[in-house]
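So you can see what is in the structure, the chains are spelled out below.
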Amino acid sequence: PRPKLILIGDSITELGSSHAEGWATSLSIRYNRRMDVVNRGMNGYNSRWGMAALPLILEEILGPSSEASSDGIDAAGDECAWEETMHQKKK
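Rules behind the numbers
Residues numbered from 1 in each chain as written. Predicted model: local features only at pLDDT ≥ 70, side-chain atom pairs only at ≥ 80, totals over all residues. Heavy atoms only, no water. Helix = DSSP H or I, 4+ residues; strand = E, 2+ residues; numbered from the N terminus. Polar contact = N/O pair within 3.5 Å; in protein donor to acceptor, adjacent residues only side chain to side chain. Contact = heavy atoms within 4.5 Å. pLDDT = per-residue confidence, 0-100. Core = buried A, V, L, I, M, F, W, Y, C linked by side-chain atoms within 4.5 Å. Buried < 20%, exposed > 50% of the residue type's maximum accessible area, 1.4 Å probe, protein only. Phe/Tyr/Trp six-rings, centres within 6.5 Å; stacked < 30°, edge-to-face > 60°. Lys NZ or Arg CZ within 6 Å of the ring centre and 35° of its normal. Salt bridge = Lys/Arg side-chain N within 4 Å of Asp/Glu carboxyl O.

A. Molecular detail of the side chain of asparagine 39. Following the sequence through the fold, asparagine 39 ends up in strand β2 (residues 36-41). A distance of 2.7 Å separates the side chain of asparagine 39 from the backbone oxygen of threonine 13, its partner in a polar contact. Asparagine 39 has contacts with Leu7, Thr13, Glu14, Gly16, Ser17 and Ala24, leaving out every residue within four places of it along the chain.

Quick look at the structure:
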């Protein structure tokens, strides 16, 4: 089977496929015939939520008991959570 590039992230990831010139769409075009690009961006998700959802997403796309490697999970929403934590520590 053809390899899959699974994009997991927040609204930036989700909207990467929303128009013909989006970054996720560009990846699909760039890797056409070499791998399937699957976008599973979810509005409002941060890294913690993404990691919690990861097993379900991988099972949905790859099937049960499949092996997958991941590289780099980050979300723009993490910055907001970090700023909120820092703000609470200053009080």
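B. Just the confidence of the model for the protein chain, in detail. With 70% of its residues at a pLDDT of 70 or more, the protein chain has an overall mean of 79. The least confident element of the protein chain is helix α4 (residues 77-90), whose mean pLDDT is 51; the most confident is helix α2 (residues 23-30), at 94. Note that residues 82-87 has pLDDT below 50 and, in this model, 0 contacts with residues that lie over four places away or in other chains.

C. How the structure looks around the nonpolar core. Ile6, Val38, Met42, Ala53, Ile57 and Ile61 together form the largest nonpolar core, which totals 6 residues. In contact with isoleucine 61, other than residues within four places in its own chain, are Lys4, Ile6, Val38 and Arg40.

D. View of the packing of aromatic side chains. For the coordinates displayed, the defined rule picks out 1 aromatic pair. Consider the rings of tyrosine 45 and tryptophan 49, whose centres lie 5.7 Å apart with planes at 80 degrees: the pair is edge-to-face. The exposure class assigned to tryptophan 49 is partly exposed, which follows from its relative accessible area of 44%. If you follow arginine 30 out to its NZ or CZ, it ends over the ring of tyrosine 31, 5.6 Å from the centre.

E. Main features of the pattern of salt bridges. What the rule picks out here adds up to 2 salt bridges. Residue arginine 2 pairs with aspartate 36 through a salt bridge whose shortest N-O separation is 3.3 Å. In this pair, arginine 2 is assigned in the segment before β1 (4-9) and aspartate 36 in strand β2, connecting sequence segments 34 residues apart. In this structure arginine 2 comes out as partly exposed when scored by relative accessible area, which is 39%.

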